[in-house]
Amino acid sequence: MSEPDFQSLLDKYDKSDMAGFTRKFVDDLEAALSAEIDIDSDMDWSGVVCLGMGGSGAGGMFLSALADDSGGLPFVVWNNYGLPSWWGPDWLVLAASYSGNTEETLDGARQALEEGGVVVGISSGGELEDLLSQSEDSLCLSVPSGQMPRSAFGHIFGSQLSLCWALGIIPRPSEEEITGMLDRLRSKSKSADIVSGDGRVAAMAHGMSERDIAIVSANEMSSVGVRFTNQINENSERFSRPVQLPEMNHNEIVAWNRNSSSQSLLYLASPHTHSRVRARMNWMMENLQPGDSWLLECEGESLLESLLFAAHITDWVSIALAVMNGIDPSEMTAIDGLKTYLSTVSREHPKPI
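Everything quoted here is computed from the prediction, not taken from an experiment. (Residues numbered from 1 in each chain as written. Predicted model: local features only at pLDDT ≥ 70, side-chain atom pairs only at ≥ 80, totals over all residues. Heavy atoms only, no water.)

1. A closer look at the side chain of S189
Basically, it comes down to this: Note on conventions: DSSP H or I runs of at least 4 residues are helices, E runs of at least 2 residues are strands, and numbering of each starts at the N terminus. The classification of residues rests on relative accessible area computed with a 1.4 Å probe and restricted to protein chains. Under 20% of the type maximum is buried, over 50% is exposed, and intermediate values are partly exposed. When checking whether two residues touch, look at their non-hydrogen atoms; a contact exists if any pair is within 4.5 Å.
In this structure, S189 sits in helix 8 (residues 175-192). We classify S189 as buried; its relative accessible area is 10%. Sequence-distant contacts of S189, defined by excluding residues within four places in its chain, comprise V26, H312 and W316.

Written out as structure tokens, the structure reads:
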């Protein structure tokens, strides 16, 4: 099969320019990382709860991975209404909602403020910005508006990361390290582009186009696996499932022996992958026989760089999958319909019996 003419496919199907926003990812990230944040260093927290849903919630997973690797506090991702029962004001709340109107995130932020907590929000405006402006101890960081939340990852995650660096709860690299990372990401971004890149993304998308998709991540890359699944769901209108090593070797691996020819399998590894996890991947690649499989080595001089590289190249795969199958990667009819329905339903929370 000849390689698709992706420029023609994008012209035909990419009505809201998802590809254009994806090309700006590194610029968005750089702008967010270099923005001044008027906040003092403060590590006097028991931990951080990250509120956020969908594209706005992805950054919390990445922060948690960085904190597990080299941070000084636990980060817990909360994709729900309210807050976990154990939460208290000694836990900082990071609330990300690109629109500022995500009802689950607003519900948790309101509860935190009512119970004496400190909330730092990231939004392009909306109700979250208004809510936090009424609290002397809280802050809302503004990001540019006008795009889909899942395409604004550079703005959202960059702002979250810059905040955590300013607070001192995640170690900040040197300016030289940040500049080098951004330069390398720009080079890799050009290679990943489905119109002018090296063709690797097109090959991956072609292999996945008619098969079920499974993403097997080394533990430190699991946030990318989940986000890639979400991008495939939303951009490509396809099912996918993320699993991680070593856990999946204790359960799902058994099922692969019976019926794997209809599956495509993507492995995500990095220079930080544990040697025993690497050995597990090697065994799987030699002994399992899916329809197609790839090992994506998420290169980088730091875990942060590896995560960002992997997130970016998999974004391109999800866009390629969409347009190859005649789908607008920005359209989300089911989500819009659900939001319209929910707007007619009472928001009153039922009291426990």
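Once you've had a look at it, read on.
2. Observations concerning the sheet that holds strand 1 (residues 47-51)
Put simply, the rule is: We call two strands paired when DSSP finds no fewer than two bridges between them. Inter-axis angles, ranging from 0 to 180 degrees, are taken between N-to-C directions of lines fitted to C-alpha atoms, where helices are fitted over the stretch in contact.
Read across the sheet, five strands follow the order 2-1-3-4-5 without closing on themselves; strand pairing throughout is parallel. With partners counted over all chains shown, the strands left at the sheet margins are strand 2 (75-78) and strand 5 (139-142), one partner each. Recorded for the sheet is a direction-independent mean angle of 20 degrees between the axes of neighbouring strands. Summarising the sheet, strand 3 (residues 91-96) and strand 4 (residues 119-123) pair through four bridges and their orientation is parallel. If you follow V93 over to strand 4, its bridge partner there is V119.

3. With respect to the sheet that holds strand 6 (residues 212-218)
With parallel pairing, the four strands of this open sheet are ordered in space as 7-6-8-9. The strands lining the two open edges of the sheet, one partner per strand, are strand 7 (240-245) and strand 9 (292-297). Taking the axes of each pair of neighbouring strands and ignoring which way they run, one obtains an average angle of 20 degrees across the sheet. Examined bridge by bridge, strand 6 and strand 7 share six bridges and lie parallel to one another.

4. Concerning the side chain of S240
Formally: Whenever two N or O atoms come within 3.5 Å, that pair is a polar contact, provided that in protein one can donate a hydrogen and the other can accept it, and provided that, for residues adjacent in sequence, both atoms are side-chain atoms.
Structurally, S240 can be placed in strand 7. There is a polar contact of 3.5 Å between the side chain of S240 and the backbone oxygen of I213. Within the structure, S240 has its side chain in polar contact with the side chain of T229 (distance 3.4 Å). Excluding anything up to four places from it in sequence, S240 contacts I213, I215, T229, I232 and N233.

5. Overview of the environment of S217
Relative to the assigned elements, S217 resides in strand 6. Owing to a relative accessible area of 1%, S217 belongs among the buried residues under this scheme. Separated by 60 residues in the primary sequence, S217 and V277 have C-alpha atoms spaced 9.7 Å apart. Excluding residues within four positions of it along the chain, S217 makes contact with S222, G225, V243, Q244, L245, L268 and M281.

6. Focus: the pairing of strand 8 (residues 263-269)
Convention followed: If you view a crossover with the strands going away from you and the path from the first strand over the helix to the second runs clockwise, you call it right-handed.
Burial analysis of strand 8 places seven of its seven residues in the buried class, which makes it a mostly covered element. Judged by which residues are buried, strand 8 turns out to be covered on both faces: Q263, L265, Y267 and A269 on one side and S264, L266 and L268 on the other are all buried. As paired elements, strand 6 and strand 8 share six bridges and run parallel to each other. Opposite I213, over in strand 8, you have S264 as the bridge partner. Strand direction decides the pairing type here: strand 8 and strand 9, joined by six bridges, are parallel. The residue bridging L268 from the neighbouring strand is L296, located in strand 9. Each parallel crossover has a hand, and for strand 8 linked through helix 12 (residues 275-287) to strand 9 it is right-handed.

7. A closer look at a nonpolar patch on the surface
What counts here: Patch building starts from residues that exceed 30% relative accessible area and form no salt bridge, then joins like charges within 9 Å and nonpolar side chains (Val, Leu, Ile, Met, Phe, Trp, Tyr) within 5 Å. Accessible areas in this description were obtained via Shrake-Rupley with a 1.4 Å probe; residue shielding takes into account the shown protein chains only. Whenever a carboxyl oxygen of Asp or Glu lies within 4 Å of a side-chain nitrogen of Lys or Arg, that contact is scored as a salt bridge.
Nonpolar side chains collect at one region of the surface, where L338, Y341, L342 and V345 lie side by side and expose about 350 Å² of accessible area between them. Tracing the backbone through its elements, the reader meets L342 in helix 14 (residues 333-342). A relative accessible area of 30% means that L342 is categorised as partly exposed.

8. Structural notes on the packing of helix 3 (residues 25-34) against helix 7 (residues 153-167)
Helix-helix packing is characterised by the crossing angle of the two axes and by the distance between the axes. Put simply, the test is: Roughly parallel means an angle under 35 degrees; roughly antiparallel, over 145; roughly perpendicular, 65 to 115; everything else is oblique. Note on convention: the crossing is left-handed when the near helix lies turned anticlockwise from the far helix by less than a right angle, right-handed when the turn is clockwise. Any residue that is not Ala, Val, Leu, Ile, Met, Phe, Trp, Tyr, Cys, Pro, Asp, Glu, Lys or Arg is counted as polar, Gly included; the first ten are nonpolar and the last four charged.
It is the contact of helix 3 with helix 7, at a shortest axis distance of 8 Å, that shows an interaxial angle of 25 degrees. It follows from the interaxial angle that helix 3 and helix 7 lie roughly parallel. Helix-helix and strand crossings are classified by hand; for helix 3 and helix 7 the assignment is right-handed. Contacts from F25, D28, L29, A32 and L33 in helix 3 reach F153, G154, H155, G158, S159, L161, S162 and W165 in helix 7. Looking at the contact of helix 3 with helix 7, its residues break down into seven nonpolar, five polar and one charged.

9. Points about the pattern of salt bridges
Evaluation of the coordinates by the stated rule reveals 13 salt bridges. Close ionic contact of R110 with E127 constitutes a salt bridge, the shortest N to O distance being 2.5 Å. A residue pair is termed long-range when its members are at least 10 positions apart, and R110 in helix 5 (residues 103-114) and E127 in helix 6 (residues 126-133) qualify at 17 residues. On the basis of relative accessible area, R110 is assigned to the partly exposed category, the value being 27%. Salt bridges linked by common partners bring R184, K188, E301 and E305 together as one network.

10. Thoughts on the packing of helix 4 (residues 54-70) against helix 10 (residues 222-236)
Contact pair helix 4 / helix 10: the axes reach a minimum separation of 9 Å and the direction vectors enclose 165 degrees. On the basis of the axis angle, helix 4 is roughly antiparallel to helix 10. Between helix 4 and helix 10 the crossing geometry is left-handed. Contacts from A58, M61, F62 and A65 of helix 4 reach helix 10 at S223, V224, V226 and R227. Class assignment of the residues belonging to the contact of helix 4 with helix 10 gives a composition of six nonpolar, one polar and one charged.

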